[in-house]
Amino acid sequence: QVQLVESGGGLVQAGGSLRLSCAAIGRISSIYRMGWYRQATGNQRESVATITSDGTTTYTDSVKGRFTISRDNAKNTVYLQMNSLQFEDTAIYYCNQAPPRVAYWGQGTQVTVSS
């Protein structure tokens, strides 16, 4: 069993940057694909980025070229570097395996981008 704790969110102006962290209690090295997800108010949760254990990444179109996902298996941590943030990126951000496992959803971390 793995417990995931997200951190690093906050309030930032449009064009700014944030780095999110997802610390796992338990080993993530055995999880082939990890992902970041987000849910804006009134919207469904969506996949933002994924990364496999060998470093292959995917991104949703709206964040390509702006966000970078990475993982450090030795530290049991997954990161999301977010640059050139836009108002539309405002949401609660979660990490989970990909596809997500219900039992792994954490509290998420709030990202608010002011325009």
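Cut-offs used in this document
- Along each chain, residue indices are assigned from 1 in the same order as the chain's sequence is written.
- Local features in a predicted model are, by the rule used here, given only for residues with pLDDT of at least 70; side-chain atom pairs are given and counted only at 80 or more, and totals for whole chains, interfaces and linings are based on all residues.
- Only heavy atoms go into the side-chain values, all of them from the structure, while hydrogens and water stay out.
- Elements are defined by DSSP. Helices are runs of H or I of four residues or more, strands are runs of E of two residues or more, and each kind is numbered from the N terminus.
- We compute the radius of gyration from the C-alpha atoms alone; for a globule the expected value is 2.2 Å times N to the 0.38, where N is the number of residues.
- Summary of the burial criterion: residues with accessible area below 20% of their type's maximum are buried, those above 50% are exposed, and those between are partly exposed, where the area comes from a 1.4 Å probe applied to protein chains only.
- For every accessible area listed, the method is Shrake-Rupley and the probe measures 1.4 Å; residues are considered covered only by the protein chains on display.
- Charged residues are defined here as Lys and Arg on the positive side and Asp and Glu on the negative side; His and the ends of the chain fall outside this count.
- To locate a charge, the coordinates of NZ of Lys, CZ of Arg, CG of Asp or CD of Glu are taken.
- For this analysis, a ring pair means two rings from Phe, Tyr or Trp (six-membered ring only for Trp) whose centres lie within 6.5 Å, classed as stacked if their planes differ by under 30 degrees, edge-to-face if by over 60, and tilted for the remaining angles.

### Some points on the overall build of the protein
Here's step 1: Scanning the protein from N- to C-terminus turns up zero helices and ten strands.
Here's step 2: For 115 residues, the compact-globule estimate of 2.2 N^0.38 gives 13 Å, and the C-alpha radius of gyration of the protein, at 13 Å, lies within 12% of that figure.
Here's step 3: Each of the three principal axes of the protein carries a C-alpha extent, and together these read 40 × 25 × 20 Å.
Here's step 4: Within the protein, buried positions represent 42% of all 115 residues.
Here's step 5: Carbon and sulfur atoms form 47% of the exposed surface of the protein, whose accessible area is close to 6100 Å².
Here's step 6: Taking the average place of the 10 positive charges on the side chains of the protein and the average place of its 7 negative ones, the gap between the two points comes to 7 Å.

### Some words on the packing of aromatic side chains
Here's step 1: Overall, the coordinates contain two aromatic pairs when judged by the stated rule.
Here's step 2: Their ring planes at 80° and their centres at 5.2 Å tell us that Tyr-37 and Trp-105 sit as a pair that is edge-to-face. On the criterion of sequence distance, the pair formed by Tyr-37 in strand β4 (residues 33-39) and Trp-105 in the loop between β9 (91-97) and β10 (109-114) is long-range, its members being 68 residues apart.
Here's step 3: The class for Tyr-37 is buried, based on a relative accessible area of 6%.

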